[in-house]
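The lines below spell out each chain.
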Amino acid sequence: MRAAVLGAYGAPPEPAERPDPVPGPGQQLVRVTAAPIVPLDLLCATGTSYFGAPPLPYVPGVQGVGTLAGGERVFFSTSAGMKPGDGSLAELAVSGEVVPLADDVPDELVAALGLSAVAAWMSLTWRARVRPGERVLVLGAGGAVGQVAVQAAVALGAGAVVAGSRRMTQRELARSRGATGVVDLSDVDGLTDRIREAAGGPVDVVIDPVGGEAATAALLALAEHGRFVHLGASGGPTATFSSAALRSGSHSILGYTNNALTAAQKAEALGAVLGHRCTVTYETVGLDHVADAWSRAGATPDGRLVVVP
C-alpha cells in the first residue's frame, strides 16, 4: 500500500510503499478514505511526547474515516505514535475502535471533526457539566476544538457563548455559528474585563485549548462555582491563578484528555456532534502532498488538513 511514512523525528512524513497492515486480535482492517493531520500526530512525530519516542519508521495518524471489508462506513482511531504500529495516513489501516457512520455526512468532514469534536463535546458535558442558561467562554475558538466547542455550547443551551481568538476572521466565523460575543486574545491587557463584558457577566465555564496568559485572564473571569476545563497549550505551557480568587469563588480547574474515554464514550460524543450538525473548516490534500500538508498543519492552527489517500 501507499502511505505517509515518517523516517526521522521532527521531519515531515513522505509518501512511500509500506506493507499492508495485518489486523491483530480485536482489530479490523479499514480501507481509508480520509485522515486528518492533528496536533497529537505532530507531537508524537517529534519523538519528545509524553508517550515516548515511537519506533521508526512508522505511519502517523491517530484517526480517520474509511470502510470495512463488508462496506460499512466507519470512523476509527489508532494508537500510532503512542504505541508501536502504523496509523491512518495510508490507504489501509487497522483499528480496534470503529464507530459506524450514517451516510449523510461527508467522509472528509467527519475526519476533520473526529476526536477534536469529541474533546469539545466531552469537555462541556462530561467535565464541565454545562447547564442551560450558563455563560461559556471558548478560548482558541479558531482551532478545530474551539470551533466545535462554540457550536456545541450553543446546542446545549448556553445563555451566552463567547469566542476568544487572535484572528478577526475566526471571531466573525464564530459569530456566524452562534457565538453571542467575541474577544480578541492578541491583547491580554484588560482581557478579564473584556471577557465579562462580552459575556454579560462572569462566565460559568471556560473551555481552554490554549493555556498561557489568555488562560490566566480567563480564570479571573469565572463566576462563583465556575469550572475551567484545560485541554491544550497552543498559547503557552503554563498559566497562573490567584489563590484568593480560586478559593473565594469555589472554582474548579479540570484537566481533560481523550485518552481517559472509553470507546463507547467517544462514539456517543461523535454521534452527538454529528447529530447537532456541527462543522469545522478543513482542506483536503492527496497523499502525494502529505509532506507539505504536514508542515502547514504545524504552522496553521485554524481548521484541519485532511489527507485523502
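Computed from a predicted model, the values in this text were never measured in an experiment. (Residues numbered from 1 in each chain as written. Predicted model: local features only at pLDDT ≥ 70, side-chain atom pairs only at ≥ 80, totals over all residues. Heavy atoms only, no water.)

Caption draft 1: Here's a closer look at the overall build of the protein. Counting its regular elements, the protein contains nine helices and 15 strands. In terms of principal-axis extent, the alpha carbons of the protein reach across some 60 × 35 × 35 Å. In the protein, buried positions account for 52% of the 309 residues. Counted over contacts in the protein with a minimum sequence separation of 6, partners at least 24 positions apart contribute 67%. Surface summary for the protein: the accessible area is close to 12,800 Å², and the carbon and sulfur share equals 54%. (Helix = DSSP H or I, 4+ residues; strand = E, 2+ residues; numbered from the N terminus. Buried < 20%, exposed > 50% of the residue type's maximum accessible area, 1.4 Å probe, protein only. Contact = heavy atoms within 4.5 Å. Areas by Shrake-Rupley, 256 points an atom, 1.4 Å probe, with all protein chains shown as cover.)

Caption draft 2: Geometry of helix 9 (residues 290–299). Every buried residue of helix 9 is listed here: Val-290, Ala-291, Ala-293, Trp-294 and Ala-297. Down the axis of helix 9, the buried set is contained in an arc of 165°. They therefore lie on one face. (Arc of directions from axis to C-beta.)

Caption draft 3: Quick peek at helix 3 (residues 144–155). Between its first and last C-alpha atoms helix 3 spans 17 Å; for 12 residues at 1.5 Å apiece the expected length is 16 Å, and the two agree. The element helix 3 is extensively covered by neighbouring structure, given that 10 of its 12 residues are classed as buried. Inspection of helix 3 places Ala-144, Val-145, Gly-146, Gln-147, Val-148, Ala-149, Val-150, Gln-151, Ala-152 and Ala-153 among the buried residues, and these make up the whole buried set. Of the residues trailing helix 3, Gly-157 is marked for its positive phi of about 90°. (Expected span 1.5 Å × (residues − 1).)

Caption draft 4: Looking closely at the packing of helix 5 (residues 191–199) against helix 6 (residues 212–219). Packing of helix 5 against helix 6 brings their axes to within 8 Å, and their N-to-C directions diverge by 60°. Classified by the angle their axes make, helix 5 and helix 6 are oblique. When the axes of helix 5 and helix 6 are compared, the crossing they make is right-handed. Contact residues: helix 5 offers Leu-191, Thr-192 and Ile-195, while helix 6 offers Ala-214, Ala-217 and Ala-218. (Axes fitted to C-alpha atoms, helices over the stretch in contact; angles between N-to-C directions. Parallel < 35°, antiparallel > 145°, perpendicular 65-115°, else oblique. Left-handed = near helix turned anticlockwise from the far one by under 90°.)

Caption draft 5: Unusual backbone geometry, seen in detail. With an omega dihedral of -10°, the bond running from Leu-56 to Pro-57 counts as a cis peptide bond. Looking at the secondary structure, you find Pro-57 in the loop between helix 1 (39–45) and strand 4 (63–67). Positive phi outside glycine occurs at Ser-250, with the angle close to 50°. Note that Ser-250 resides in the loop between helix 7 (243–248) and strand 13 (252–255). Positioned with a positive phi, Arg-277 is a non-glycine residue whose angle comes to about 60°.

Caption draft 6: Representation of the packing of aromatic side chains within the structure. According to the stated counting rule, one finds two aromatic pairs in the structure shown. Ring centres of Tyr-50 and Phe-51 lie 4.5 Å apart, and the angle between their planes is 45°; this geometry places the pair in the tilted category. Its relative accessible area of 65% is what places Tyr-50 among the exposed residues. Overall, the relative accessible area of 28% leaves Phe-51 in the partly exposed class. Consider the rings of Trp-126 and Tyr-256, whose centres lie 6.2 Å apart with planes at 80°: the pair is edge-to-face. Remark: Tyr-256 occurs in the loop between strand 13 and helix 8 (263–275) and Trp-126 occurs in helix 2 (residues 107–127); sequence separation between them is 130 residues. (Phe/Tyr/Trp six-rings, centres within 6.5 Å; stacked < 30°, edge-to-face > 60°.)

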